[in-house]
Amino acid sequence: MFRKPREEKHMKDPWRSREHCVDCGVLGNWRGILEGGLLCAVVGQRNVMGRTSRVVVVGGKETGKTSILERAIFANSTVDKQYIPTVEDTYVGIVETERGTREKLRFYDTAGLDARNHCLPQHYHALADGYIIVYSISDNLSFQLLTDIKKDIDRHREKKDVPIIVLGNKSDLAATHRAVDTATAERWATAEKLRFWEVNVQDRTLLMAPIMNLASRLNPQPSKTSFPQLTMGRKNKD
Ligand SMILES: Nc1nc2c(ncn2[C@@H]2O[C@H](COP(=O)(O)OP(=O)(O)OP(=O)(O)O)[C@@H](O)[C@H]2O)c(=O)[nH]1
Ligand SMILES: [Mg+2]
């Protein structure tokens with residue numbers, strides 16, 4: 001039942017076995033992309049902002065959730081490797097936001113859903129600060145699942161504003177394999193007020209914009225009026 005923690009795999013890489021760098025990659029800038037995430041081994045955790053945001057990655061079976069995380073964070077390719085269904089995994093990445101700050105995100109990779117089992121186990125909702133919902137452009141059922149997944153998230157988040165992005169994965173596949181057209185997916189996402197991207201794991205740069213967008217929304221710029229007492233002048237006792 002238990003799978004070896006994925007991090008152990010990365011311990012083989014000498015860079016990743018250093019201190020904080022066992023389980024984190026850097027996303028969001030060209031150096032990070034070109035060096036396949038090794039930048040974090042060089043800079044460690046310096047310049048990383050405060051808290052770690054928790055992102056739950058959810059979607060149908062075999063839509064590419066694990067492949068997206070492996071590719072985005074570690075530059076690993078899963079194409080031509082044996083498919084292993086996920087039970088549960090976590091990944092940690094340092095993501096550069098659109099404001100240029102660096103934020104730590106912990107991604108929870110979940111088991112794929114299907115028509116019979118179309119709800120995320122409840123404990124994920126309790127921990128989620130944000131969600132990445134993934135479907136495959138070659139699998140119409142995985143697209144149909146989005147409605148249930150979104151309803152389930154809405155039920156659990158109540159009125160809290162939780163950033164959610166939608167990724168239509170496997171956009172590299174030939175048109176003959178396409179089962180969900182872009183316009184249909186865009187219409188659904190717009191109606192649900194969600195940001196949507198088509199991506200594929202062959203092109204790592206495509207994965208950066210959505211994850212940076214999510215990191216930015218998870219870590220908005222603090223409002224200037226948050227600390228009114230600090231902006232008050234000295235009290236005049238005269
Ligand atoms: N062509 C193509 N294949 C992909 C892409 N992403 C993933 N795959 C393939 O799709 C299969 C499933 O990928 P996974 O990443 O294991 O999918 P998953 O959603 O994590 O699957 P579960 O853990 O079972 O839910 C693998 O054979 C991958 O190589 C992509 O962008 N393009
Ligand atoms: Mg998986």
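Please refer to the structure placed before this passage.
First, a word on what this report is: a plain description of the structure on this page. (Residues numbered from 1 in each chain as written. Chains lettered and ligands numbered in written order. Predicted model: local features only at pLDDT ≥ 70, side-chain atom pairs only at ≥ 80, totals over all residues.)

1. Comments concerning the overall build of the protein chain
Stated formally: Helix and strand assignments come from DSSP, with helices taken as H or I runs of at least 4 residues and strands as E runs of at least 2, each series counted from the N terminus. Between the buried cut of 20 or more and the exposed cut of 12 or fewer other C-beta atoms within 10 Å of a residue's own C-beta lies the partly exposed class, and all C-beta atoms are placed from the backbone. We call two residues in contact if the C-beta atoms placed from their backbones are at most 7 Å apart.
Looking only at helices and strands, the protein chain has nine helices and seven strands in total. Expressed as a percentage of the 238 residues in the protein chain, the buried residues total 37%. Look at the contacts in the protein chain between residues 6 or more apart in sequence, and 74% of them connect residues 24 or more apart.

2. Describing the site of ligand 1
The criterion, for reference: To decide whether a residue is near a molecule or strand, its C-beta atom is placed from the backbone and checked for lying within 6 Å of it. Lys, Arg, Asp and Glu make up the charged group, whereas Ala, Val, Leu, Ile, Met, Phe, Trp, Tyr, Cys and Pro make up the nonpolar group; the residues left over, Gly among them, are polar.
Close to ligand 1 lie 20 residues, the nearest being G64, T66, S67, T86 and G112. Here the shell around ligand 1 takes three residues from helix α4 (residues 65-74), the largest share from any one element. Of the residues that constitute the shell around ligand 1, the class distribution is six nonpolar, nine polar and five charged.

3. Description of helix α6 (residues 140-157)
Counted only if it meets this: By this rule the span expected of a helix is its residue count minus one, scaled by 1.5 Å. Note that the bend at a residue is defined as the angle between axes fitted to the seven residues ending at it and the seven residues starting at it.
For α6, which comprises 18 residues, the first-to-last C-alpha distance of 26 Å matches the rise-based estimate of 26 Å (1.5 Å per residue) to within 8%. Of all the bends in α6, the largest measures some 25° and sits at L146. The complete set of buried residues in α6 reads S142, F143, L145, L146 and I149. E158, located one to two residues past α6, shows a positive phi value of around 50°.

4. Side note on the environment of L206
Tracing the sequence through the fold places L206 in helix α8 (residues 205-218). The exposure class assigned to L206 is buried, which follows from the 20 C-beta atoms found within 10 Å. Between the C-alpha atom of L206 and that of A72, which follows or precedes it by 134 residues, the distance is 9.3 Å. The residues touching L206, leaving out its near neighbours within four places in the chain, are V199 and N200.

5. Looking at unusual backbone geometry
With phi around 60°, A75 is a residue other than glycine that occupies positive phi space. One can find A75 in the loop between α4 and β3 (88-96). Its 17 C-beta neighbours within 10 Å are what place A75 among the partly exposed residues. You will see that D80, though not glycine, has its phi angle at about 75°, which is positive. Residue classification places D80 among the exposed positions, given that 5 C-beta atoms sit within 10 Å.

6. Here's the deal with the nonpolar core
The following threshold applies: Nonpolar cores are built from buried Ala, Val, Leu, Ile, Met, Phe, Trp, Tyr and Cys residues. These are joined into a set through C-beta atoms within 7 Å.
Counting 45 residues, the largest nonpolar core has V55, V56, V57, Y131, I132 and I133 as the members making the most contacts within it. Top element by residues in this core is α8. It accounts for seven residues.

7. Side note on α8
Between its terminal C-alpha atoms α8 stretches 21 Å, which fits the 20 Å expected from 14 residues at 1.5 Å a residue. Residues L206, L207, M208, P210, I211, L214, A215, S216 and L218 constitute the buried set of α8.

8. Brief notes about the pairing of β3
Quick note on the threshold: Any two strands between which DSSP finds at least two bridges are classified as paired.
Summarising the sheet, β3 and strand β4 (residues 102-110) pair through nine bridges and their orientation is antiparallel. Looking across to β4, one finds that G93 is bridged to L105. What sits between β3 and β4 in their antiparallel hairpin is a turn of five residues, with G100 showing a positive phi close to 95°.

9. Observations concerning the environment of E96
The topology assignment puts E96 in strand β3. Exposure remark for E96: the 20 C-beta atoms within 10 Å place this residue in the buried category.

10. Here we look at the pairing of strand β6 (residues 164-169)
In plain terms, the rule: Looking down the strands as they point away from the viewer, one classifies a crossover as right-handed if the path from the first strand across the helix to the second runs clockwise.
Counted residue by residue, β6 has six buried out of six residues, so it is predominantly covered. Side-chain alternation along β6 places I164, V166 and G168 on one buried face and I165, L167 and N169 on a second face that is also buried. Examined bridge by bridge, strand β5 (residues 130-136) and β6 share six bridges and lie parallel to one another. Counted as the bridge partner of I132 is I165 from β6. In terms of handedness, the path from β5 via α6 over to β6 forms a crossover that is right-handed. Crossover connection from β6 via helix α7 (residues 182-191) to parallel strand β7 (residues 195-198): handedness right-handed.

11. Notes on the environment of S53
In this fold, S53 is placed in strand β2 (residues 48-59). When the C-alpha positions of S53 and A128 are compared, they lie 8.2 Å apart, and in sequence the two are 75 residues distant. Every residue in contact with S53, bar those within four places of it in the chain, is listed here: E103, L105, D129, G130, L218 and N219.

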